[in-house]
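# Examining the three-dimensional arrangement
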Amino acid sequence: PGSPVGRWDTKVEIDNGWKDVALGLMRQYTARTNGSYVDDEKTTSLTWHWERCNPDFGTLQGKELQNHLKEMLSHFPVRIIKGKTYVRVRHEGVTKGALVEQIIKHYNARGGVDFVLGLGDDVADSDMFEVLSAYDRDARYR
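Owing to the predicted nature of the structure, the values given are computational and were not obtained by experimental measurement.

Rules used in this analysis
- Residues numbered from 1 in each chain as written.
- Predicted model: local features only at pLDDT ≥ 70, side-chain atom pairs only at ≥ 80, totals over all residues.
- Heavy atoms only, no water.
- Helix = DSSP H or I, 4+ residues; strand = E, 2+ residues; numbered from the N terminus.
- Patch = residues over 30% accessible without salt bridge, like charges linked within 9 Å, V, L, I, M, F, W, Y side chains within 5 Å.
- Areas by Shrake-Rupley, 256 points an atom, 1.4 Å probe, with all protein chains shown as cover.
- Salt bridge = Lys/Arg side-chain N within 4 Å of Asp/Glu carboxyl O.
- Buried < 20%, exposed > 50% of the residue type's maximum accessible area, 1.4 Å probe, protein only.
- Pairing = 2+ DSSP bridges.
- Axes fitted to C-alpha atoms, helices over the stretch in contact; angles between N-to-C directions.
- Contact = heavy atoms within 4.5 Å.

### Some points on the environment of D40
For D40, the position within the fold is in the loop between β1 (37-39) and β2 (45-49). As a C-alpha pair, D40 and K19 span 21 residues in sequence and 9.1 Å in three-dimensional space.

Spelled out as structure tokens, the structure:
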């Protein structure tokens, strides 16, 4: 918030040394799971998708990949999330909740807001909902 268009504010410096390990493993699963693919376009996360696969086989492969990633990346500061039809590895400090927290702080420093709406339908949204819930609790006592 408050940044000119086309410029991003960096809130956290991130070491992405884990990405090569995770990407190699995800590519192995992509090769053996018809219809799956890897989204590697984000700076702080990698996601292996199986929504175009046989649902049972995709779910089985997703759980297996999640376990392999936990084992291989245990010494990196990452979080491994299994969603409805994906497995995501992301840096532990980069969440929707952290972003919402920054936005709330930004606007609170400028007088606050009357209303905040958060929408989501997946485990990846839980951090955001925790922040919004805490904001709501705190707002009641201001």
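### A short note on a nonpolar patch on the surface
On the surface, L99, I103, Y107, V113 and V116 cluster together into a nonpolar patch covering about 390 Å² of accessible area. You can call V113 partly exposed: its relative accessible area is 36%.

### Overview of the sheet that holds β1
Pairing is antiparallel in the open sheet, where 4 strands are placed in the order β1-β2-β4-β3. Strands with a single pairing partner mark the edges of an open sheet, and in this sheet they are β1 and β3 (78-82). Neighbouring strand axes in the sheet, compared pairwise and without regard to direction, differ in orientation by 15° on average. Sheet topology note: the β1/β2 ladder contains 3 bridges and is antiparallel. Following the sheet pairing, V38 is matched in β2 by W48. Sitting on the sheet, helix α2 (residues 55-72) is in contact with β2, β3 and β4 (86-91), with an inclination near 165° to β3.

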